[in-house]
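Topology and contacts: notes
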Amino acid sequence: MRKLGLAALVCLGSWGVACQAQTRLAPLATVPSVDVPRYMGTWHEIAKYPNWFQKKCFSSTQATYSLQADGQVQVLNRCKTDKGEWSEALGAARQIGGPTSAQLKVRFAPEWLSFIPLVWGDYWIIALDADYQWVVVSEPQREYLWILSRTPQMPATTYQALLGKLEGWGFDLKRLEPSRP
C-alpha cells in the first residue's frame, strides 16, 4: 500500500473468492508557489508517461516557455522524429489562481478556440528544484507525467530520488518511459 493511499477491498463473485485491493489516492498536491519568470526558458524531457500527442517524438524532446506581455506564457514543444526531423507544437499557458500558483492550464488548439474549456489541459507543477534545475509536471488524475530538466541529462541520484517521491504519491513507475536525449 502506498503511503498516501487507503486500501479498499472490492470482492468479485458471490463467494468473494476473487478479491482485489484497490488504492484510493490522496488528491495530488502542487508545490506551494512558482516564480513564473524564473520558470521561463527551455526544459528537456527526462522521462514521461507515454501519450498520444507525443507518439511521433523519438528524441530530444523539449519545451520552451516564454512570458508574453499579456501575462500568458507561450509554449513551444519540440522533438526529433525517428527521421531526425524537428516536429513542433506551439501553444499557450495561463496560471489558475494567484501570481505564484503552481496550477496552469495549457492549450495547443488554435487561439480562436480558446473560449472552449475542453481545449485547455491541466499542467500542475508537483515538484520543483529550489534552483529551478528540474521539475515534475502532472495533473489531478495522474494520467500524464513528465520529469523535465534544464539540461538534457539529470544526475542519477536526483532521478532516483524523484522516482521515490512519485511512487509515494501514487504514480505507477512501470508506466514511466525514459526519454532519449
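Worth saying up front: this structure is predicted, and the values here are computed from it rather than measured.

Our focus in this paragraph is empty space enclosed by the protein. One simple way to see leftover space: roll a probe sized like a water molecule over the atoms. Summed over the entire model, instances satisfying the criterion amount to two cavities of 30 Å³ or more. Looking at the largest cavity, its volume works out to about 70 Å³. What lines the largest cavity is V34, V36, Y39, M40, Y65, V73, A93, L104, V106, Y123 and I125. Class assignment of the residues belonging to the lining of the largest cavity gives a composition of eleven nonpolar, no polar and no charged. Its boundaries defined by the atoms lining it, the second largest cavity holds a volume of some 30 Å³. Taken together, V36, G71, V73, A93, R94, Q95 and L104 make up the lining of the second largest cavity. Among the elements that take part in the lining of the second largest cavity, strand 6 (residues 86-95) stands out by supplying three residues, more than any other.

Glancing now at unusual backbone geometry. Unusually for a residue other than glycine, Y132 sits at a positive phi of about 60 degrees. By secondary structure assignment, the location of Y132 is in the loop between strand 8 (121-128) and strand 9 (134-138).

Turning our eyes to something else, we now look at the pattern of salt bridges. Where charged atoms from two side chains of opposite charge approach closely, those side chains can pair. Tallying each qualifying case throughout the model produces four salt bridges. The residue K48 makes a salt bridge to E177 at a minimum N-O spacing of 3.0 Å. Here K48 is found in strand 3 (residues 41-48), whereas its partner E177 is found in strand 11 (residues 177-178), with 129 residues between them in sequence. Ionic pairing is found between D122 and K105, a salt bridge with its closest N-O pair at 2.8 Å.

Cut-offs and rules
Residues numbered from 1 in each chain as written. Predicted model: local features only at pLDDT ≥ 70, side-chain atom pairs only at ≥ 80, totals over all residues. Heavy atoms only, no water. 1 Å grid on protein atoms, 1.4 Å probe; cavity = no way out; pocket = protein on both sides within 12 Å on 5 of 7 lines; lining within 4 Å. Points joined across faces, edges and corners; volume = space filled by probe spheres on them. Nonpolar A, V, L, I, M, F, W, Y, C, P; charged D, E, K, R; others polar. Helix = DSSP H or I, 4+ residues; strand = E, 2+ residues; numbered from the N terminus. Salt bridge = Lys/Arg side-chain N within 4 Å of Asp/Glu carboxyl O.

Shape is all these values report; function is a separate question.
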